[in-house]
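Residue-level listing of the chains:
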Amino acid sequence: MSGRVPSAAGASSGRAACLAACLVAFLVVVAAPAMGADRSAPKRILLLHSFGRDFRPWSEYALSIKAVLEQQAQWPLDVQEHTLLTARFNNPGPEEPFVNYLRSLYAGVPPDVVVSIGAPAARFAQKYRDQLFPDTPMVLTVVEERLVNRADLTDNDTVVSVQNNFTAAFYGILKVLPETKTIAVVIGASRLEKFWLDEIKRETAPFEGRLAFVWYNELSFDEILKRASVLPPHTVLFWGLMSVDGAGIVHESDLALRSLRAVANAPIFSYQEPFFNGYTVGGPMHSIGDTSKKTVEAVIRILAGERPSTMRFEPLQFGPPKYDWREMQRWGINESDLPVGSEVLFRQAGLWETYRWQIAMLAAVILIQAGLIGGLLYERRRRLVAEVESRQRLAELAHVNRYAAAGELTTSIAHELNQPLGSILTNTETAELMLKSESPNLVEIGEILADIRRDDQRASEVIRRLRSILKKTPFEIANIDLNDTVGEAIRLLSAVSDGRRIALKFAPSTSVLRVKGDPIQLQQVILNLIINAIDAISQAGATEREINVATAQSDAFAEIRISDSGPGIAPADVKDIFNPFFSTKPQGMGMGLAIVRTIVEAHGGKIAAENQPSRGALFTILLPIAH
Ligand code: ADP
């Protein structure tokens with residue numbers, strides 16, 4: 001026995017241990033999850049819509065409520081949505097089937113919270129709560145204060161109501177568009193819309209005499225669209241609600257407003273933020289954000305265990321006014337006319353904001369370009385100034401060079417002057433003698449006097465030519481006949497060539513050679529070339545002594561050819577003779593041909609030197625023909 005006692009005792013302690021182990025196991029497996037269910041099991045929220053999941057304005061509130069809930073709830077959520085469509089019909093069918101459906105869906109597994117959105121959903125939830133979810137807490141949200149059925153509220157309900165203030169909305173319109181004379185109110189003809197029509201009408205009282213109101217509730221929506229497109233000036237449209245139009249046609253509020261916006265010739269105002277984006281001008285409105293924040297607060301507090309009846313929410317008023325910048329531009333509303341504290345949204349970035357970098361780049365490119373153009377213009381001006389200066393220098397240098405040439409001409413000019421002066425003297429003496437005779441032959445004396453006059457004119461002509469070539473003149477371009485200019489230079493030099501017993505022959509072109517040029521400068525060219533030719537022939541002591549000057553037209557150029565019977569240019573020197581200070585003469589300056597080339601090029605022409613196959617040098621000048 002003694003052996004059993006311990007054994008019995010052992011058995012009993014074994015059972016206790018087993019019981020304890022089972023209890024612990026039960027607590028771990030069953031009770032612990034049950035205790036922690038508050039935090040890990042999803043909370044089931046039933047959202048009850050009034051008109052449809054996509055029916056504005058309520059759809060926007062529902063979307064926002066769901067988003068804020070997801071953000072703020074500490075529990076996993078299972079949001080289930082149902083729509084009470086009957087609110088959209090003027091003669092709705094029975095609600096019983098829908099009630100039955102919900103009852104079967106939630107029998108035994110009621111949701112944790114019911115949230116009704118809009119007045120029709122609130123009415124339905126209150127009416128059927130006993131049958132559907134007698135013990136489930138309810139949040140009735142987005143219900144206008146006037147439509148809250150407070151009499152049927154239970155301890156398990158709380159209300160987040162809103163308060164429509166149409167008077168404030170109309171004042172808001174007058175504030176931004178003070179010229180407004182008429183407000184056309186767009187509203188449908190459903191039971192709910194009829195209620196609101198009367199309410200809006202009541203709130204127009206303060207505007208009597210100041211504003212005319214037009215009511216579209218009895219019109220079909222097509223007719224409303226027609227009228228809205230031809231509204232008189234200073235009329236605005238006020239968007240109430242469009243669920244069922246005056247012709248009994250059901251509308252989707254959002255789509256209806258969009259078509260109205262497309263045809264309306266007047267701005268559209270509304271008191272609901274969900275209609276704000278792109279459709280209405282703005283003003284004081286119910287704020288989606290404020291309403292959903294309050295609703296979510298109520299839901300979370302209920303989920304956390306607070307009793308709904310202990311929560312009280314003041315009816316939500318319009319939020320601070322908001323305006324659509326694009327609509328303001330369209331209807332000429334100034335920002336300065338907006339009520340204090342207004343917010344302007346949808347501002348479109350200006351050109352500068354949108355294309356800041358591109359504009360900055362463009363400006364930089366334009367600036368650089370302007371700088372370059374400025375620089376180029378400055379350079380061009382400097383070049384022009386330099387060109388004018390160089391022409392002046394050229395004229396001065398050529399003048400000095402002409403004096404030098406004139407020096408060489410002195411002897412032959414003196415010789416040329418001597419001839420007529422000598423004849424004048426002889427003729428005068430003869431005439432004097434004849435006058436001393438008793439019967440002077442007056443006819444002969446007359447002839448002598450004519451000779452004297454002719455000689456005098458010859459001498460004067462020599463002096464005129466010399467003076468004209470020595471005249472100091474600036475570079476002046478004129479339309480000239482090249483044959484005249486060359487002929488004049490040759491006449492000046494004929495005495496020199498005669499003195500050196502050189503035949504200077506000129507063969508002008510048969511037609512006139514018109515060029516643009518400075519006759520004095522071009523004469524100097526001929527002068528220098530012929531003096532060089534005379535020098536070459538004289539130095540070589542050639543037996544054949546001849547210089548040929550010829551002019552001709554060669555395509556678009558006038559050509560002057562000056563050839564001589566001298567020894568020609570040493571082949572090694574041909575490329576250098578136009579360089580300044582190149583001379584093979586003991587007393588030579590080496591400037592004559594340099595000046596010649598500069599003058600020819602200043603006339604847009606070209607000069608070339610070569611040796612003739614037979615003998616002597618040939619200089620060819622090409623000058624552009626003037627048109
Ligand atoms: P300069 O007459 O003071 O020497 P130019 O510039 O007029 O200077 O002439 C340069 C050189 O060209 C001359 O020294 C001469 O050697 C050569 N030259 C010019 N014309 C002729 C010519 N018709 N025949 C041969 N050589 C010439």
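Just so it is clear, the structure is predicted and the values come from calculations on it, not from any experiment. (Residues numbered from 1 in each chain as written. Predicted model: local features only at pLDDT ≥ 70, side-chain atom pairs only at ≥ 80, totals over all residues. Heavy atoms only, no water.)

A. Layout of the overall build of the protein. The helix and strand tally for the protein stands at 16 helices and 19 strands. Taken over C-alpha atoms, the radius of gyration comes to 59 Å for the protein, far larger than the 25 Å a tight globule of 627 residues would show. Dimensions of the protein, computed from the C-alpha atoms along their principal axes, are close to 200 × 100 × 40 Å. By sequence separation, contacts in the protein at least 24 residues apart represent 71% of the contacts at least 6 residues apart. When the accessible surface of the protein is summed, it comes to about 32900 Å², and 57% of that surface belongs to carbon and sulfur atoms. Side chains of the protein carry 65 positive and 70 negative charges; the gap between the two charge centres is 4 Å. (Helix = DSSP H or I, 4+ residues; strand = E, 2+ residues; numbered from the N terminus. Rg over C-alpha atoms; globule rule 2.2 N^0.38 Å. Contact = heavy atoms within 4.5 Å. Areas by Shrake-Rupley, 256 points an atom, 1.4 Å probe, with all protein chains shown as cover. Lys, Arg positive; Asp, Glu negative; His and termini not counted. Charge placed at Lys NZ, Arg CZ, Asp CG, Glu CD.)

B. Looking closely at the site of the ligand. Taken together, 19 residues form the shell around the ligand, and within it N532, S583, T584, K585 and L593 come nearest. A distance of 2.9 Å separates a nitrogen atom of the ligand from a polar atom in the side chain of D564. Within the backbone of L593, one N or O atom sits 2.9 Å away from an oxygen atom of the ligand. Protein coverage of the free-state accessible area of the ligand, which is 530 Å², stands at 91%. In this structure the site holding the ligand corresponds to the largest pocket. (Near = heavy atom within 4 Å. Polar contact = N/O pair within 3.5 Å; in protein donor to acceptor, adjacent residues only side chain to side chain. 1 Å grid on protein atoms, 1.4 Å probe; cavity = no way out; pocket = protein on both sides within 12 Å on 5 of 7 lines; lining within 4 Å. Sits in = over half its atoms within 2 Å of the grid points.)

C. Highlighting the nonpolar core. If you look at the biggest cluster of nonpolar residues, it comprises 60 residues, and the most contacted ones within it are L69, F170, I183 and F238. Looking at which element gives the most residues to this core, the answer is helix α9 (residues 288-303), with 7 residues. Contacts of L69, omitting those with residues within four sequence positions, involve I45, L77, V296, V299 and I300. Counting residues in hydrophobic clusters, the runner-up holds 53 residues, among them A459, I534, I560 and F619. (Core = buried A, V, L, I, M, F, W, Y, C linked by side-chain atoms within 4.5 Å. Buried < 20%, exposed > 50% of the residue type's maximum accessible area, 1.4 Å probe, protein only.)

D. Summary view of the pattern of salt bridges. Counted under the stated rule, the structure contains 31 salt bridges. Look at the salt bridges and you will find they share partners, linking E144, R146, E199, R202 and E203 into a network. (Salt bridge = Lys/Arg side-chain N within 4 Å of Asp/Glu carboxyl O.)

E. Main features of the sheet that holds strand β5 (residues 157-162). Taken in spatial order, the 5 strands line up as β2-β1-β3-β4-β5 in an open sheet, and their pairing is parallel. A single partner strand is all that each edge strand has here, and the edge strands are β2 (77-83) and β5. Neighbour-to-neighbour, the strand axes of the sheet open up by a mean angle of 20°, direction not taken into account. In this fold helix α2 (residues 58-72) packs onto β1 (43-49), β2, β3 (113-117) and β4 (138-144), with an angle of close to 170° to the strand it touches most, β2. Relative to β4, α9 is tilted by about 165°, and along the sheet it contacts β1, β3, β4 and β5. (Pairing = 2+ DSSP bridges. Axes fitted to C-alpha atoms, helices over the stretch in contact; angles between N-to-C directions.)

F. Quick look at unusual backbone geometry. Of note, the bond from R56 into P57 is cis; its omega dihedral lies within 30 degrees of zero at 0°. With respect to the helices and strands, P57 occurs in the loop between β1 and α2. Despite not being glycine, F581 has its phi angle at roughly 65°, a positive value. Tracing the backbone shows F581 in the loop between β17 (557-564) and α16 (592-602).

G. Here's a closer look at the packing of aromatic side chains. All chains considered together, the criterion is met by 22 aromatic pairs. Each ring, one from F170 and one from F207, has its centre 5.8 Å from the other, and the planes form 85°; the classification is edge-to-face. Of this pair, F170 sits in helix α5 (residues 166-176) while F207 sits in the loop between α6 (191-203) and β7 (212-215), and the two are 37 residues apart along the sequence. Neither F170 nor F207 differs from the other in exposure class; each is buried. Of the aromatic side chains, those joined through ring pairs into one cluster are F166, F170, Y171, F195, W196, F207, F213, W215, F238, Y271 and F318. If you follow K201 out to its NZ or CZ, it ends over the ring of W215, 5.3 Å from the centre. (Phe/Tyr/Trp six-rings, centres within 6.5 Å; stacked < 30°, edge-to-face > 60°. Lys NZ or Arg CZ within 6 Å of the ring centre and 35° of its normal.)

H. Examining the side chain of T180 more closely. Mapped onto the fold, T180 is located in the loop between α5 and β6 (182-187). Overall, the relative accessible area of 3% leaves T180 in the buried class. Excluding residues within four positions of it along the chain, T180 makes contact with I173, L174, R210, L211, H234 and V236.

I. Molecular detail of the packing of helix α7 (residues 221-229) against helix α8 (residues 253-263). Put simply, α7 and α8 touch, their axes get as near as 8 Å, and they point 30° apart. Regarding the angle of α7 to α8, the classification is roughly parallel. Relative to α8, α7 is oriented so that their crossing is right-handed. Seen from α7, the contacting residues are F221, I224, L225, A228 and S229; seen from α8, they are A256, S259, L260 and V263. Each residue belonging to the contact of α7 with α8 can be placed in one class, and the counts come to 7 nonpolar, 2 polar and no charged. (Parallel < 35°, antiparallel > 145°, perpendicular 65-115°, else oblique. Left-handed = near helix turned anticlockwise from the far one by under 90°. Nonpolar A, V, L, I, M, F, W, Y, C, P; charged D, E, K, R; others polar.)

J. Focus on the UniProt feature "transmembrane region" (unreviewed entry) in the protein. Summarizing the sequence annotation, UniProt attributes the feature "transmembrane region" (unreviewed entry) to residues 357-378 in the numbering used throughout. Along residues 357-378 the backbone is 100% helical and 0% strand, and the end-to-end C-alpha distance reaches 31 Å. (UniProt positions renumbered as here; feature names shortened; annotations may be inferred.)

K. Region of the structure containing the packing of helix α15 (residues 519-540) against α16. The interhelical angle for the contact between α15 and α16, taken along N-to-C directions, is 145°, at an axis separation of 9 Å. α16 is crossed by α15, and the crossing has left-handed handedness. Counting all contacts with α15, which are made through Q521, L522, Q524, V525, N528, L529 and N532, the residues of α16 involved are G592, L593, I595, V596, I599 and V600. Considered class by class, the residues forming the contact of α15 with α16 number 8 nonpolar, 5 polar and no charged.

L. Region of the structure containing the confidence of the model for the protein. Averaged over every residue, the pLDDT of the protein is 87; residues scoring 70 or more account for 91%. Throughout residues 1-38 the model reports pLDDT below 50, and contacts reaching past four residues in sequence, or to other chains, amount to 8 contacts. (pLDDT = per-residue confidence, 0-100.)

M. The layout of surface pockets, seen in detail. Of the volumes computed, that of the largest pocket is approximately 900 Å³. N532, D535, S583, T584 and K585 are, among the 33 residues lining the largest pocket, the residues nearest its centre. Mapped onto the lining of the largest pocket, the elements with two or more residues apiece are α12 (356-436), α15, α16 and β19 (617-624). Among the elements that make up the lining of the largest pocket, the one with the highest residue count is α15 (8 residues). (Points joined across faces, edges and corners; volume = space filled by probe spheres on them.)

N. Seen up close, the environment of G52. Examined against the element boundaries, G52 turns out to sit in the loop between β1 and α2. Taking the relative accessible area as the measure of exposure, G52 reaches 10% and is therefore buried. The sequence separation of G52 and I477 amounts to 425 residues, and the corresponding C-alpha distance is 95 Å.

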